[in-house]
Amino acid sequence: MSNLPTHSSFSRRRLLQYGGGLVGTSLMATVLGGNPRSPLVAHAQGSPLTPKEALTKLMAGNERFVTEKRTNRHQNRERLLEVAKGQNPFAAVLGCADSRVPVEIVFDQGLGDIFVCRVAGNIATSEEIGSLEFGTLVLGAKVLVVMGHGGCGAVKAALTGGELPGQIGSLIQSIETGSITGSKTDPARLDQAIKTNVLAQVARLNQSPVIGELVTKNQLKVVGSFYDLDTGKVSWLS
């Protein structure tokens, strides 16, 4: 084990290199938890839920949100102090940066419950994948959800095409709309593209050797979903 990198230099590349052999072993705890000053110290032991139970918990939370029966769980000072000591998120979400899709509210969860990455178009870039590898492998989230939403401006821009200012164009290039036919102004066409993009990002995440092994070992479930802005309902695509 002497050739392992030091904690200070334990980069995402190294995490990928060793991740496959670390999953489910005491070596994972040794590498990540041996130094209390390490940025990758695993304070959490991981959620005790199974992937299926974690997904069911998200579904139940969204149902409470839709039916206006939110419990606003884990949003008080007691919870604030509890998670200040460490986090055990039971779920991870790759969502859009759209201000109308606040993940914790949509699933009626609170502080420390969901490890969230948000970026326009809910795209799985290398940075988002690395973050979600951390949220699942290190923090122990049991379900990883890619959530697109109706009326997504980023996907609409990808369908429309044309020149875009600044870095917006490079972001749009990561969106996958597939072969979409019909009028560019047809809402159904946009929804189809949004769902196609969600499934494409799910596929990208599954290609991660870290995430892929967790799925193979039944320690993680990766699913796609679609959020309806009008109803607040999350539907499941995979």
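Look a little higher up for the structure.
Below you will find a few notes about this structure. (Residues numbered from 1 in each chain as written. Predicted model: local features only at pLDDT ≥ 70, side-chain atom pairs only at ≥ 80, totals over all residues. Heavy atoms only, no water.)

**Some details on the overall build of the protein**
To keep it simple, the criterion reads: Numbered from the N terminus, helices here are DSSP runs of H or I no shorter than four residues, and strands are runs of E no shorter than two. A contact between two residues is defined here by any heavy atoms of the two lying within 4.5 Å. Here the open area of atoms and residues is found with the Shrake-Rupley method and a 1.4 Å probe, where only the protein chains shown may cover a residue.
Of the regular secondary structure elements, the protein holds ten helices and five strands. If you take every contact in the protein between residues at least 6 apart in sequence, the share linking residues at least 24 apart comes to 71%. When the accessible surface of the protein is summed, it comes to about 12,000 Å², and 52% of that surface belongs to carbon and sulfur atoms.

**Here's the deal with the packing of helix H6 (residues 126-138) against helix H10 (residues 209-216)**
We apply this condition: Between the N-to-C directions of two axes lies an angle of 0 to 180 degrees, each axis being a line fitted to C-alpha atoms and, for a helix, fitted only over the stretch in contact. A clockwise turn of the near helix away from the far one marks a right-handed crossing, whereas an anticlockwise turn of less than a right angle marks a left-handed crossing. Put simply, Ala, Val, Leu, Ile, Met, Phe, Trp, Tyr, Cys and Pro go in the nonpolar bin, Asp, Glu, Lys and Arg in the charged bin, and everything else, Gly too, in the polar bin.
The geometry of H6 relative to H10 is characterised by a closest axis approach of 9 Å and an angle of 35° between their N-to-C directions. Taken as a pair, H6 and H10 cross one another with a handedness that is left-handed. Facing H6, whose interface residues are Glu133, Thr136 and Leu137, H10 presents Val210, Ile211 and Leu214. Within the contact of H6 with H10, the residues separate by chemical class into four nonpolar, one polar and one charged.

**What about the sheet that holds strand E4 (residues 221-227)?**
Spelled out, the test is: For two strands to be treated as a pair, DSSP must find no fewer than two bridges joining them.
Ordered by their spatial adjacency, five strands build an open sheet running E2-E1-E3-E4-E5, and the pairing between neighbours is mixed. Where the open sheet ends on each side, the last strands, each with one partner, are strand E2 (114-118) and strand E5 (234-236). On average, adjacent strands in this sheet sit at an angle of 25° to one another, irrespective of strand direction. Relative to E2, strand E1 (residues 91-95) runs parallel, the two sharing five bridges. Each bridged residue has a counterpart across the sheet, and for Val93 the counterpart in E2 is Val116. Set on the sheet, helix H3 (residues 51-66) makes contact with E1, E2, strand E3 (143-149), E4 and E5; between it and E3 the angle comes to about 35°.

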